[in-house]
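# Report on the structure
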Amino acid sequence: MALLEAEQVVMRFGGVVALDNASVDIDIGEVTGLIGPNGAGKTTLFNVVTGLLPPTSGRVKFDGVDITRATVAKRSQMGIARTFQKLEAFNTLSAFDNVRVAVEKNHRAKWKHRRVGDVAHEMLGKVGLDEVADVTVGTLPTGSARLVELARALACRPRVLLLDEPSSGLNEDETSSIGELLLGLVADEDNELAVLLVEHDMSFVMGVCARIHVLDFGKIIAVGTPIEVQGDSAVRAAYLGSDEFRGAYVELDE
Amino acid sequence: MIFGVRHSVVVATLLATLGAVVLAVLTWKGSQVTSESFLVTTYIGLFLGALWAMYATGLVVVYTTTGVFNFAQGAIGVFSAFLYWELHVNRGWHSILALFVVVCLFAPALGVTLDAVIMRRLRTASLVVQLMVTVAIMVLLLSVVGDIWEADTPRRVPYLFGINNGIDLGPSQLPWHRLIVFVVAIAIAVSMRFLLRRTRIGTAMRAVVDNRELAALNGARPNVVSSTSWALGSMLGALGGILIAPELGLDPATLNNVVIIAFAAAAFGALRNLPMAVIGAMLIGLLRAHTGAWLDFGPDFRFAHLAVAPLILLFVVVALPQARLEVGRLAHHLRRHERYTKWWEGLIGCGVVILLAVAFSGGWLDFGIWDPGAWGSRELNSANEAMALALIGLSLVPLIGWAGQINFAPLAFAGFGAFVYLKFAGDSGNGYWILLVGLLCAPLGALVALPAARLRGLYLALMTMAFAQAMSLIFFPHPWVMPIIGTGRQFPHIELFGVTFDDRRGFFLLMVCVFAIFVYGLVLLRRSRYGRRWMAINDSQAAAATLGVPVVWTKVVVYAVSASMAGIAGVFWATVSGNVDSVQGFDLLIGFNIVLLVAAAGVSIPMAGIFLIFIPLFKGFGLRLEDAGNVDFLVTLLDIMTTYGPGLMVLGMVFNPRGAIFEMGRGFSPILPWRRDARAEIAAENAQKREPEIGELGIDRPFTPEEVIAIDRRLGILDEVVPKEGYGTARS
Amino acid sequence: MSVETETPLLELVGIRAGYGTIDVLHGVDLRVMPGQVYALLGPNGAGKTTTLGVASGQIQPHAGSVLLDGHEVNGVSPDRLARAGVCLIPEGRGIFPNLTVAENLRMSTYAGVSYKQVQERAFAQFPRLEERRNQMAGTLSGGEQQMLAMSRALSTDPAILMLDELSMGLAPIIVEELYEQVSSLAEAGLSILIVEQFAQAVLGVANEAAIMLHGRIQRTGSPEEIAEELTAAYLGMT
């Protein structure tokens, strides 16, 4: 059974349908990708899953329990953590304190036998930010602030980690070390972790994801392994144009 | 949803109606309702409504066309009314000419200046800064009015065409002035509606608020458009002020308070809908007239009928839908290393404050300007007053400074604290009851926070303001609450550790000690997990929630803490001002001033409280200098500093939103021997400034390596692999 | 070639630009000839939108120059450029959501065409807008919003049209309808600079195309040539 399932989620804003019966499921031990052209509804889906937006219809299930009506904080306590595409770090706090807020909130439930400061330092270390622990996050470059968000999410000891474009603002080396970190986290069976990754850097997505969901104007148009998705005609149509034009690319299929 | 209307609206309306009916039955005067008296009352109500509709129209127009809710709208009206009086009555200009000069020349000029100097820069500022700045403009305008037109002469603005000329309406006469006001109010509302909906400039004004960049892409000049909006807004304010002045008399505070009724009316239209705002104003006018005519609340609630507007504002705001979790704003002016004050630094700071207070008040310091000696009763009175206000101000540090929750009602909490103390400690003045005050004020804070926690910043500001106004009109004047008013009795002297603090200097030093304890408590709180959590919800509520922080509960806690601090401070404030008039002492305007002072000092820093002590010191100096004679210039200077200083400094927040103490701290901290970090930061900044100018392009001397880097940076090629060494040296 | 002697309608020379201290464009050169339809393609974050920002005067470049019809226009405000005929339809619905359809159209009149004419032309092209003329633009469907945004281009006779991600989040049938309008504008001789991810529709209209990656134009060529390289650039199959 999938750890997290979004079933038939519909989200309307005024006359705009951002999500149209979108269903996504993610499993423990894998990084699942969620890709799609700009404005396809990826961030909206994240907001529905984390509870920031109540869906027009549809359900969200976590570990078999319906959490569609649970509050944001409740979902966090159950083990859903996320990062944001538009940065939402606590800008006036230091990197260390950003993580500390998360550790303190989850201390009793998840980090009982460890000291708050130790956990926070460990999380910053995981994303490679030990050296800027004392720096105010608002003065850090965007890429580093993104990593602070990641460390903060990890400090919640999540079972589902939703990452919204973690690589933007990072260079290639940093991106690949984030990829390794993610693969290491999901491979560790003690974590029982499932990751959902929204990303535009395709080589990153294809490299770390076991399965990929493709979203296109609110609908899931394909689900499969990276190879399957890259070869899928609907996906190509979404990214490049509709079917008639596909002839031009046939030779690339080999 | 019931018939497309939100539940909260339905529930609030039902509750309000039920409450009104019960109230009406309980307080029915028993006078006979005839069709004639009913009509006259209705006519008065509609006329009042028209007056307020004018103000509300101005507010709505400014808000829809600039996105800034202008607390100074009423003050613009006050200033204009005084200017009109000066020109028309004092200098004898014809009323039409004076009206034209004020409304069509002065007001637009004021609006354009405000936009060009201040408002344009506020667009990207945080809501706290926006609100503080418009409140500061309000306070400044009122101070200027107070300084130019001294309050000692009674002034009247005459009715246009006199009060005795008009149409005969059977039972009574309708003067031309009132008819004109009614017609003008409706005409303004209709023409504004037309301007905003049917003309290009009006459309552009609203478009600029929607999306400034897109408006420019369409070819509209955003700066010209927003200046027009401010010019228009201030013209409406001026016209309103001049037309209302004959009815209310030319008193700055009274005239300015009209704006609260206008807030309530504007809230009816969700601050944007002009017809709804006018209807709201008419409704409030009718309610006011009819409650005044038919209901008698008795002497205990003698101001209750004035509370119609704040109560309506409270109801409307509570009925508003829950705000979505907002995403954070960009924080400006951050330091690379935000530093917690160390616990021992806090102790040192508090110790220094107490020593200074002892030294100053005891006259141990000799400045050579005047006869050294202990402060007299006058100095101590003003110092005590300011010290008590500073204590109340400290309660805003966690609430506004850290959690970003605006609160204009610190004095309402303070007043409640004084009330609790009076009830429990009675005449004995046993100081230990102060602890109970702290405990009992916390739930009141939480009660206010519950509706507040679900609201957005601006409505929160309006709600706290309405709460403060309602408290000072209904709760505090009740003789059971403040039984000492008018009886000549004193608020009991505080007695602690077997000492009765009945002399002024002892009381001053006691307050300084409480102040130090508050500051130190805040230092510790800021270092704790609660302090961090409050900062976090201020930065991003959405992110805090996804980390498991319960946002509403967190806000409730910070309100409770703030209310309990304010309550304790209120006991001291009541002791200081209690022998004068307690109700005046808990007035909203003073509350605004406290909020401004704290904001100017730097509302996020516990040590900012120390700044508030400068005000009593200045006041003390001023009085002392006056006694010494021959230093008129200095006295005036100190007077100006205490009157205009806070307002002007808040205007400075446009450029420096973190307040004065923050900047002073940056200059001061490197002097402290243990602050190596501060010295390093200054050094780093200076190094950055010294980056060489490109200048003569290496003609008179070869480039140094730093210059090469600077040139590359200027040309934007620094990201290329530049051989940093050897590049310049090879040339030289 | 004869094209070389002609003055480009829009020319960007060595543009470096970005937000704050971070550069997004690292030296962009681009020329749009009169009557040309130029498609600028590339994945997200490549700097396409920033390029349009520079060309429309919204973003001041740190280095390089922007030339309109041979005149340097660095530092000219976007509203002045707009009144002079530069028409940018920005990414993500270039409409005012709290204004009605009619009021949105009224905002198009700054470029010199009368309100009556703007309405006539817009409603002739998109009759659906006339049905909804008094509706708030924010309550329109995505396709209708984009039609409303496009109607500014169709009704104001711009000198150059820039379109940013016209197809974003729209159903193919609506994209097709919008691009029909674009190609009829192109046939009428309007110079157009199109930024798109959704490559197929554009390449059918364009007569020059370029791929942008990491703030630089990697390759320019005919639409056919560019099409061959797109899959690799988008889906990470290098």
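Residues numbered from 1 in each chain as written. Chains lettered and ligands numbered in written order. Predicted model: local features only at pLDDT ≥ 70, side-chain atom pairs only at ≥ 80, totals over all residues. Heavy atoms only, no water.

## Examining the overall build of chain C
Secondary structure assignment for chain C yields 10 helices and 10 strands. Projecting the C-alpha coordinates of chain C onto the three principal axes gives extents of approximately 45 × 40 × 40 Å. Classification of the 238 residues of chain C by burial places 60% in the buried group. Taking as baseline every contact in chain C between residues at least 6 positions apart, the subset at least 24 positions apart corresponds to 67%. Counting only carbon and sulfur atoms, one obtains 49% of the accessible surface of chain C, whose full area is about 9,000 Å². Distance between charge centroids for chain C: 8 Å, based on 15 positive and 27 negative side chains. (Helix = DSSP H or I, 4+ residues; strand = E, 2+ residues; numbered from the N terminus. Buried < 20%, exposed > 50% of the residue type's maximum accessible area, 1.4 Å probe, protein only. Contact = heavy atoms within 4.5 Å. Areas by Shrake-Rupley, 256 points an atom, 1.4 Å probe, with all protein chains shown as cover. Lys, Arg positive; Asp, Glu negative; His and termini not counted. Charge placed at Lys NZ, Arg CZ, Asp CG, Glu CD.)

## Remarks on unusual backbone geometry
Backbone geometry follows two general trends: most residues other than glycine have a negative phi, and most peptide bonds adopt the trans configuration. Here Glu165 of chain A, not a glycine, exhibits a phi torsion of approximately 55°, which is positive. For Glu165 of chain A, the position within the fold is in the loop between strand 7 (160–164) and helix 7 (172–187). Judged by relative accessible area, which is 7%, Glu165 of chain A ranks as buried. One non-glycine residue, Asp69 of chain C, adopts positive backbone phi at about 50°.

## Quick word on the sheet that holds strand 7 of chain A
All names here are of chain A. The sheet built from 6 strands is open, its strands ordered 6-7-8-3-9-10 with mixed pairing. Single-partner strands in this sheet number two, and they are strand 6 (80–82) and strand 10 (219–224). Neighbour to neighbour, the strand axes of the sheet diverge by 20° on average, direction disregarded. Both strand 7 and strand 8 (residues 194–198) contribute to a ladder of 5 bridges, which runs parallel. Residue pairing for strand 8: Leu161 is matched across the bridge by Val195. In the packing of helix 7 onto the sheet, the strands contacted are strand 3 (31–35), strand 7 and strand 8, and the crossing angle to strand 3 comes to about 130°. (Pairing = 2+ DSSP bridges. Axes fitted to C-alpha atoms, helices over the stretch in contact; angles between N-to-C directions.)

## Some details on helix 5 (residues 127–148) of chain B
In this model, helix 5 of chain B (22 residues) spans 32 Å end to end at C-alpha, consistent with the 32 Å of a helix rising 1.5 Å per residue. With 17 of its 22 residues buried, helix 5 of chain B lies for the most part within the structure. (Expected span 1.5 Å × (residues − 1).)

## Let's talk about the interface of chain A and chain B
Listed per partner, the contact involves 32 residues of chain A and 29 residues of chain B. For the chain A and chain B pair, buried surface summed over both sides reaches about 2,700 Å², with 60% attributable to carbon and sulfur atoms. The closest approach of N and O atoms between Arg532 of chain B and Glu104 of chain A, which form a salt bridge, is 2.3 Å. Connecting chain A to chain B are 7 residue pairs in polar contact (both at pLDDT 80 or more). For the side of chain A that touches chain B, the elements supplying multiple residues, two or more each, are helix 2 (72–78), strand 6 and helix 3 (95–105) of chain A. Tallied by class, residues from the side of chain A that touches chain B come to 15 nonpolar, 9 polar and 8 charged. (Buried area = accessible area lost by both parts, 1.4 Å probe. Salt bridge = Lys/Arg side-chain N within 4 Å of Asp/Glu carboxyl O. Polar contact = N/O pair within 3.5 Å; in protein donor to acceptor, adjacent residues only side chain to side chain. Nonpolar A, V, L, I, M, F, W, Y, C, P; charged D, E, K, R; others polar.)

## Details of the pairing of strand 1 (residues 10–19) of chain C
Residues and elements named next belong to chain C. Burial within strand 1 is extensive, with 7 of its 10 residues counted as buried. Bridge analysis of strand 1 against strand 4 (residues 63–68) gives 5 bridges, and the strand direction is antiparallel. Among the inter-strand pairings, Leu12 is bridged to a residue of strand 4, identified as Val66.

## Looking at the sheet that holds strand 1 (residues 4–13) of chain A
To summarise the sheet geometry, strands pair through backbone hydrogen bonds and adopt either a parallel or an antiparallel arrangement. Residues and elements named next belong to chain A. Pairing in this open sheet of 4 strands is antiparallel, and the strands run 2-1-4-5 from one edge to the other. Edge strands, defined here as strands with exactly one partner in the open sheet, are strand 2 (16–26) and strand 5 (65–66). Examined bridge by bridge, strand 1 and strand 2 share 7 bridges and lie antiparallel to one another. When the sheet's bridge partners are listed, Glu5 is paired in strand 2 with Asp25. Along the sheet face, helix 1 (residues 42–50) touches strand 1, strand 2 and strand 4 (57–62) and points at about 115° away from the line of strand 1.

## A short note on the pattern of salt bridges
For side chains of opposite charge, pairing can occur when their charged atoms come near one another. This model, assessed by the stated rule, comprises 23 salt bridges over all chains. Residues joined by salt bridges that share partners form a network here, namely Glu7, Arg59, Lys61 and Asp66 of chain A.

## With respect to helix 17 (residues 433–452) of chain B
All names here are of chain B. Taking 1.5 Å of rise per residue, the 20 residues of helix 17 would be expected to cover 28 Å, and the 29 Å separating its terminal C-alpha atoms lies within 8% of that figure. Listed in full, the buried residues belonging to helix 17 are Ile434, Val437, Gly438, Cys441, Leu444, Gly445, Ala446, Val448, Ala449 and Ala452. Turning to helix 17, the residues buried within the fold contact helix 16 (410–425), helix 18 (457–475) and helix 22 (551–577).

## Quick look at the domain arrangement of chain A
All names here are of chain A. Assigned domains of chain A: these are domain 1 (4–79 + 159–253) and domain 2 (88–157). Computed from C-alpha atoms alone, the centre-to-centre distance between domain 1 and domain 2 is 24 Å. The partner domain 2 presents 11 residues to the 15 residues of domain 1 that form the contact. Buried area between domain 1 and domain 2, summed over both chains or domains, comes out near 1,000 Å², and the portion from carbon and sulfur atoms is 67%. Considering only the side of domain 1, the residues that lose the most area to domain 2 are Gln77, Leu161 and Leu181, jointly responsible for 32% of the buried surface there. If you look at where domain 1 meets domain 2, you find 0 salt bridges. The interface formed by domain 1 and domain 2 holds 2 residue pairs in polar contact (both at pLDDT 80 or more) in total. Among the elements of the structure, helix 2, strand 7 and helix 7 are those that each provide at least two residues to the side of domain 1 that touches domain 2. (Domains from an automatic or database assignment.)

## Quick word on the packing of helix 2 (residues 35–66) of chain B against helix 3 (residues 73–90) of chain B
Residues and elements named next belong to chain B. Look at helix 2 against helix 3: their axes get within 10 Å of each other, and the N-to-C directions meet at 125°. Our classification of the angle between helix 2 and helix 3 gives oblique. Helix 2 and helix 3 meet at a crossing whose hand is right-handed. Residue-level inspection shows Tyr55, Gly58, Leu59 and Val62 of helix 2 in contact with helix 3, the latter providing Gln73, Gly74 and Gly77. Grouping the amino acids of the contact of helix 2 with helix 3 by side-chain chemistry returns 3 nonpolar, 4 polar and no charged. (Parallel < 35°, antiparallel > 145°, perpendicular 65-115°, else oblique. Left-handed = near helix turned anticlockwise from the far one by under 90°.)

## Observations regarding the pairing of strand 10 (residues 216–221) of chain C
Residue and element names in this part refer to chain C. Summarising the sheet, strand 9 (residues 208–213) and strand 10 pair through 5 bridges and their orientation is antiparallel. Each bridged residue has a counterpart across the sheet, and for Ile211 the counterpart in strand 10 is Arg219. Hairpin connection of strand 9 to strand 10: 2 residues between the antiparallel strands, including His214 at a positive phi of 50°.

## As for the packing of aromatic side chains
Here the structure, examined in full by the defined rule, presents 14 aromatic pairs over all chains. Relative to Phe71 of chain B, the ring of Phe69 of chain B has its centre 5.5 Å away and its plane inclined at 75°; by these criteria the two rings are edge-to-face. Taking the relative accessible area as the measure of exposure, Phe69 of chain B reaches 3% and is therefore buried. In textbook terms, an aromatic cluster arises when at least three aromatic residues are bridged by ring pairs, as seen for Tyr63, Phe69, Phe71, Phe263 and Phe408 of chain B. One residue, Arg152 of chain A, lies across the ring of Phe90 of chain A, its end atom 4.5 Å from the ring centre. For the cation-ring pair, Arg200 of chain B lies above Tyr110 of chain C, with the distance from its terminal atom to the ring centre recorded as 3.8 Å. (Phe/Tyr/Trp six-rings, centres within 6.5 Å; stacked < 30°, edge-to-face > 60°. Lys NZ or Arg CZ within 6 Å of the ring centre and 35° of its normal.)

## What about the domain arrangement of chain C?
Residues and elements named next belong to chain C. The domains assigned to chain C are domain 1 (1–85 + 158–238) and domain 2 (93–157). For domain 1 versus domain 2, the distance between C-alpha centres works out to 24 Å. Listed per partner, the contact involves 17 residues of domain 1 and 15 residues of domain 2. Of all residues in domain 1, the largest losses of buried area upon contact with domain 2 belong to Pro158, Leu178 and Gln181, amounting jointly to 39% of the total for that side. Note that Arg128 is salt-bridged to Glu177, the shortest N-O span being 3.9 Å. Applying the counting criterion to the domain 1 and domain 2 interface returns 2 residue pairs in polar contact (both at pLDDT 80 or more). Counting residues per element, the ones that place at least two in the side of domain 1 that touches domain 2 are helix 3 (78–83), strand 7 (160–164) and helix 8 (172–187). The element best represented in the side of domain 1 that touches domain 2 is helix 8, accounting for 6 residues.

## A few points about the side chain of Thr42 of chain B
Residue and element names in this part refer to chain B. Position of Thr42 relative to the elements: it lies in helix 2. With relative accessibility at 18%, the residue Thr42 sits in the buried group. In contact with Thr42, other than residues within four places in its own chain, are Leu286 and His290.

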